[in-house]
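Fold and contact review
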Amino acid sequence: MNVLVVGGAGYIGSHCVRQLQAAGHRPVVLDNLVFGHRKAVAPDIPFYDGDLGDPDVVAPILKDEKIDLVMHFAAFAYVGESVTEPRKYYENNFVATLRLLETMLDEGVNKFVFSSTCATYGEPETLPMVESLPQKPINPYGQTKLDVENCLKAFAHAYGLSFAAFRYFNAAGAAEDGSIGEDHDPETHLIPLVIDAATGRRENIKIFGTDYDTPDGTCLRDYVHVDDLARAHIAVFEKLAEPGASCFYNLGTGTPNSVREIINAVEEVTGKKVPVVEADRRPGDPPALYADSSKAQAELGWEIKFTDVKDIIATAWKWHEANPDGFGD
Ligand code: UFG
């Protein structure tokens, strides 16, 4: 299939581009490089620098590249910023996505894969989290993702759009060959920050809250390898052959790991000591989020290759050790 990967120069998008190529598909990338990295996309892949919300950019790509399916990874994803600057999040994550969908429908492209998030659930009532839990996001970031999910449902019903929305848990790790990896600016994610503390690039890692009602008092999260996430996006293609298909899947390993466990695992993998500072809770952090992904496994045959967080961290370490400045741009 010819697949337009919107946000294909970003962290999850760029890994998906490589998995698409490996599976024999033809990825084409659209990225405005606000957060993406040109070097994250191999030179042999068609690359367009532009905005997903601009029909004058998107329509010619859909036509010229004979696109069958669009994957959309291009969102702002800083939860705290979404609270202080919600306009940015509604504009980029919702309004621009709506424009993209309109352009697709106008051009007769009707298959869509969307990056959603476990943040659409807010604080879950039960664990592990299944897709049928109530969705009550607690910040504009999660709300804009949920708004797109609802828009997709209505478009599938009314216009025959076929879509899958994947609710990611904590994406982590890097390509196994070390060629691409995680490079955010600013970086807020736990694993790359702990690696930086291990290598001395930052003074320490602050643990945000040690008094949660969890086994060691720190938050539990479900860290899932970025290539496992990417493979689910390809495994869903068959489902999208049906007009109006409307699919939602949680993607996580189902194994909760605490902040302290991640720090210990980074020490083990890198062989380096991590200086730790115990700090206050970060506002808006639920104590525990982990997935029940049995639906994706049963319906898509999704297999989780990286079930041990140490193996995920080892791939992140391989990338960070060789590329301490990320893509260097
Ligand atoms: N943490 C620390 N210290 C740090 C950074 C993080 O203790 O310096 C803790 C957080 O409090 C949290 C855990 O590590 O308990 C993981 O934090 P991340 O920021 O890496 O990830 P989140 O779980 O907050 O967020 C991730 C994605 C978001 C998405 C969210 C859904 O990064 O985009 O999952 O809940 F919205």
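Given the structure is predicted, the values throughout are model-derived calculations rather than measurements. (Residues numbered from 1 in each chain as written. Predicted model: local features only at pLDDT ≥ 70, side-chain atom pairs only at ≥ 80, totals over all residues. Heavy atoms only, no water.)

**Focus: the overall build of the protein**
Counting secondary structure elements, the protein contains 10 helices and 13 strands. On C-alpha atoms alone, the protein measures out to a radius of gyration of 19 Å, which is about the 20 Å that the 2.2 N^0.38 rule sets for 329 residues. The C-alpha extent of the protein, read off along each of the three principal axes, is 55 × 45 × 40 Å. Here the protein holds 329 residues, and 55% of them are scored as buried. Sequence-distant contacts, at least 24 apart, represent 77% of the contacts inside the protein between residues at least 6 apart. (Helix = DSSP H or I, 4+ residues; strand = E, 2+ residues; numbered from the N terminus. Rg over C-alpha atoms; globule rule 2.2 N^0.38 Å. Buried < 20%, exposed > 50% of the residue type's maximum accessible area, 1.4 Å probe, protein only. Contact = heavy atoms within 4.5 Å.)

**A few points about the environment of A288**
Residue placement: A288 occurs in the loop between β13 (276-279) and α9 (294-300). The class for A288 is buried, based on a relative accessible area of 12%. As a C-alpha pair, A288 and V224 span 64 residues in sequence and 15 Å in three-dimensional space. When residues no more than four places from it in sequence are discounted, the contact partners of A288 are P124, L127, L220 and R221.

**What to know about the site of the ligand**
Close contacts around the ligand come from 22 residues, with H189, K206, R221, R282 and D285 the closest. A distance of 2.9 Å separates an oxygen atom of the ligand from a polar atom in the side chain of N170. Across the complex, the protein chains shield 90% of the 680 Å² of accessible surface that the ligand would expose by itself. Of all the secondary-structure elements, those providing two or more residues to the shell around the ligand are α6 (190-199) and β8 (205-208). (Near = heavy atom within 4 Å. Polar contact = N/O pair within 3.5 Å; in protein donor to acceptor, adjacent residues only side chain to side chain. Areas by Shrake-Rupley, 256 points an atom, 1.4 Å probe, with all protein chains shown as cover.)

**What to know about the packing of α6 against helix α8 (residues 259-270)**
As a packed pair, α6 and α8 sit with axes 10 Å apart at the nearest point and diverge in direction by 50°. The angle between the axes of α6 and α8 places the two elements in the oblique class. As for the relative orientation of α6 and α8, their crossing is right-handed in sense. Across from L190, I191, V194, I195 and A198 in α6, the residues of α8 making contact are V259, I262, I263, V266 and T270. Here the residues of the contact of α6 with α8 sort into nine nonpolar, one polar and no charged. (Axes fitted to C-alpha atoms, helices over the stretch in contact; angles between N-to-C directions. Parallel < 35°, antiparallel > 145°, perpendicular 65-115°, else oblique. Left-handed = near helix turned anticlockwise from the far one by under 90°. Nonpolar A, V, L, I, M, F, W, Y, C, P; charged D, E, K, R; others polar.)

**A look at the state of the cysteines**
With the rule as written, the count across this model stands at zero disulfides. In this structure C151 is not part of a disulfide, and its nearest cysteine sulfur, from C247, lies 16 Å away. On the basis of relative accessibility, which here comes to 12%, the residue C151 falls in the buried class. (Disulfide = S-S within 2.5 Å.)

**Quick look at the nonpolar core**
The biggest cluster of nonpolar side chains holds 37 residues, and the ones touching the most others in it are I12, M71, F166, V236, F237, L251 and W302. Those elements that provide at least two residues to this core are β1 (2-6), α1 (11-22), β4 (69-72), β6 (162-168), α7 (226-235), β11 (246-251) and α9. Here F166 is in contact with V113, F114, S115, S116, T117, A232, H233, V236, Y249, L251 and L300, once residues within four sequence places are set aside. Formed by 27 residues, the second largest nonpolar core is a distinct cluster that contains V70, L101, V109 and L161. (Core = buried A, V, L, I, M, F, W, Y, C linked by side-chain atoms within 4.5 Å.)

**What about the pattern of salt bridges?**
Enumeration over the complete set of coordinates arrives at 18 salt bridges. Measuring nitrogen to oxygen at the nearest pair gives 3.0 Å for the salt bridge that ties E102 to R99. Placement of the pair is E102 and R99 together in helix α4 (residues 86-106), with a separation of three residues, close to one helical turn. Its relative accessible area of 32% is what places R99 among the partly exposed residues. For the salt bridge of K136 with E125, the shortest nitrogen-to-oxygen distance reads 3.1 Å. Note that K136 is positioned in the loop between β5 (111-117) and α5 (140-159) and E125 in the loop between β5 and α5, a separation of 11 residues in sequence. Considered together, K136 and E125 belong to a single accessibility category, that of exposed residues. Overlapping salt bridges, with partners in common, bring together D196, R201 and D325 in one network. (Salt bridge = Lys/Arg side-chain N within 4 Å of Asp/Glu carboxyl O.)

**Remarks on the pairing of β11**
Of all six residues making up β11, five are buried, and the element is well covered by its neighbours. In the sheet, β6 pairs with β11 via six bridges, with the strands oriented parallel. Considered in β11, the bridge of R167 is made with N250. (Pairing = 2+ DSSP bridges.)

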